[in-house]
Amino acid sequence: MMSKMQYGSDYKKIPAYSKESGKTTEVLTDLCTYTNKIVNIHMVGDPGKGDFVLVDAGFPDSSDEIIKAVEERFGEGSRPKAIILTHGHFDHVGSIIELIERWDVKVYAHQLEMPYLSGQKPYPKPDPAVEGGMMAKMSAMFPREPVDLGGNVEALPADGTVPYMQGFEWIHTPGHTKGHVSLYRAADGTLIAGDAFVTVQQDSLYKTMVQKKEIQGPPVYYTTDWEMARASVEKLASIEPETAVTGHGKALKGEELRHDLEKLVNNFEEIAVPSHGRYVEDDD
Ligand SMILES: [Zn+2]
Ligand SMILES: [Zn+2]
C-alpha cells in the first residue's frame, strides 16, 4: 500500500510569472523543456521511441498543465517511467504528489536529499537579507518545509547510473542543497544542471519575468553553502558540456555555454555570491 504523501505545511499559492510560462522548448530530439511559471521541467526521451522520464516536478498547483505538456509530446495517456529530482525545493516538487498519484511513477533523488523528501527536515530558512532584487525579498514567503513522499521516493543507484535514463550519470553537485544532483550524458555532452547554476538572474523579479538569458550561480535565496556551490560549478565546467538545461532560464549550447561557464567559474565571487546575508561572511 502506498504510504500517505503530503506537501510541506507551509506550501501555498505563490504568485509567480514569466513570459516563458507554459512554453515547451525542444532542446534536442530527446530533450524537451517545459517552463512552468518560473521553473523548468525536463522531459527526456524520444517521442515515439518508448520510455521517457521527467526531471523535476514543477510549481505547486500545476499538475494539470504538466500532464498536458507531457501528453502533447508523448501522446495521450502517456506517462513517464520515473521522475528524477535534482533536489527537493518547493518549486521542483510542487506538483509531484498529484503526478505520482496519476502516473503511479517512481521517484529518485540523492540519498542526502531524502530527509527533505520524506518530511523529516525543513530546508534552512531562505535568506531575504541577501543582496538582490524583489525575488530575494519575496523569498521570505517561500516554503521550506519538506514534502513527504512516503515510500514513493528511492535513492539514486550508488553506481552513478540514472534509472530509465540510459547513457546518463548523476553527478553530486551540492551547495544549493546538500543532495543536489546534476545529470550528464557523456556521449553528446548533455547536461541537466538543476539549480547548480542557472541561466536567469532568479532573484530579480524583472529578469525572471522576461527570462533574460544570463549565466548565474545557484539561486541565492536558498543557497547555504557557497564554497560547495563553487566547487560544483567548477566540476560541471570542467566536463565542458555541449548543451545545458537548468532549473531556471533558457538552454545554453556550444561556444556560448563554454564561454559563460568559464566566466562564471572565473568570477564566481562577483557573479554568484551575494555580498550580504545570513550565509556569507560579512567582510566589511
Ligand atoms: Zn532550488
Ligand atoms: Zn529552483
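Going by the structure above, here's the rest.
Residues numbered from 1 in each chain as written. Chains lettered and ligands numbered in written order. Predicted model: local features only at pLDDT ≥ 70, side-chain atom pairs only at ≥ 80, totals over all residues. Heavy atoms only, no water.

I tried to follow the coordination of the zinc ion (ligand 1) on my own but got confused; where do I start?
Six octahedral donors around a metal ideally make angles of 90 or 180 degrees; four tetrahedral donors ideally make 109.5 degrees. Protein coordination at the zinc ion (ligand 1): the donors are His87 (NE2), His89 (ND1), His176 (NE2) and Asp195 (OD), at 2.1 to 2.4 Å from the metal. Because the angles between the 4 donor atoms bound to the zinc ion (ligand 1) fall within 87 to 179°, the donor set is best described as irregular. Written as a sequence motif, the donor residues of the zinc ion (ligand 1) are H-x1-H-x86-H-x18-D. For the pair the zinc ion (ligand 1) and the zinc ion (ligand 2), the metal-to-metal distance amounts to 3.2 Å, and aspartate 195 bridges them. Pair noted here: histidine 89 is in the loop between β5 (82-84) and α2 (90-93) and histidine 176 is in the loop between β8 (168-172) and β9 (181-185), with a separation of 87 residues, a long-range link. Note on accessibility: histidine 89 and histidine 176 belong to one class, buried. (Donors = N, O, S within 2.8 Å, 3.2 Å for Na, K, Ca; no water. Tetrahedral: all angles 85-135°; square planar, octahedral: opposite > 155°, others 65-115°. Helix = DSSP H or I, 4+ residues; strand = E, 2+ residues; numbered from the N terminus. Buried < 20%, exposed > 50% of the residue type's maximum accessible area, 1.4 Å probe, protein only.)

I keep staring at the side chain of glutamate 71 and nothing clicks. Help me out?
Note that glutamate 71 resides in helix α1 (residues 63-74). With relative accessibility at 19%, the residue glutamate 71 sits in the buried group. Setting aside residues no more than four positions away along its own chain, glutamate 71 makes contact with Glu76, Gly77, Ser78 and Arg102. (Contact = heavy atoms within 4.5 Å.)

Could you clarify how one ought to interpret the coordination of the zinc ion (ligand 2) in this entry?
Looking at the zinc ion (ligand 2), one finds its protein donor set to be His92 (NE2), Asp195 (OD) and His248 (NE2), positioned 2.0 to 2.1 Å from the metal centre. Overall, aspartate 195 belongs to the buried group, its relative accessible area being 1%. Residue histidine 248 is classed as buried on the basis of its relative accessible area, which comes to 1%.

Can you help me understand the pairing of strand β1 (residues 24-28) in this one?
Residues in a regular strand point their side chains to alternate faces of the sheet. Relative to strand β2 (residues 31-36), β1 runs antiparallel, the two being bridged by 4 bridges. Residue pairing in the sheet places threonine 25 in a bridge with threonine 33 of β2. Remark: 2 residues form the turn of the hairpin made by β1 and β2, two consecutive strands paired antiparallel. (Pairing = 2+ DSSP bridges.)

Got a minute to help me understand the sheet that holds β9 in this structure?
Strand pairing in a sheet relies on backbone hydrogen bonds, with the paired strands running either antiparallel or parallel. Pairing within the open sheet is mixed, and its 5 strands lie in the order β8-β9-β10-β11-β12. Single-partner strands in this sheet number two, and they are β8 and β12 (252-253). Bridge count for β9 against strand β10 (residues 190-192) is 3 bridges, and the pairing is antiparallel. Residue pairing for β10: tyrosine 184 is matched across the bridge by leucine 191.

How should I be thinking about the environment of histidine 176 in this particular structure?
By relative accessible area, histidine 176 is classed as buried at 3%. For the pair histidine 176 and aspartate 148, spaced 28 residues apart in sequence, the C-alpha to C-alpha distance is 20 Å. Every residue in contact with histidine 176, bar those within four places of it in the chain, is listed here: His87, His89, Asp195, Pro218, Pro219, Tyr222, Thr223 and Thr224. In this structure the side chain of histidine 176 is engaged in a polar contact, spanning 3.1 Å, whose partner is the side chain of histidine 89. Polar contacts involving the side chain of histidine 176 include one to the side chain of threonine 223, which spans 2.9 Å. (Polar contact = N/O pair within 3.5 Å; in protein donor to acceptor, adjacent residues only side chain to side chain.)

Help me understand unusual backbone geometry in this model?
A negative phi angle characterises most non-glycine residues, just as the trans form characterises most peptide bonds. A positive phi angle, close to 55°, is found at lysine 37, a residue other than glycine. A positive phi angle is found at tyrosine 164, which is not glycine, with a value near 65°.

In this structure, what is going on with the packing of aromatic side chains? I would like to understand it.
This structure, assessed with the given rule, holds 7 aromatic pairs. Note on phenylalanine 52 and phenylalanine 74: the rings are 3.7 Å apart at their centroids and 5° apart in plane angle, and the pair reads as stacked. Of the two residues, phenylalanine 52 sits in the loop between β3 (39-44) and β4 (53-55) while phenylalanine 74 sits in helix α1, which places them 22 residues apart along the sequence. Overall, the relative accessible area of 4% leaves phenylalanine 52 in the buried class. When its relative accessible area of 14% is taken as the criterion, phenylalanine 74 is described as buried. Linked through ring pairs, Tyr7, Tyr11, Phe59, Phe90 and Phe142 together constitute an aromatic cluster. (Phe/Tyr/Trp six-rings, centres within 6.5 Å; stacked < 30°, edge-to-face > 60°.)

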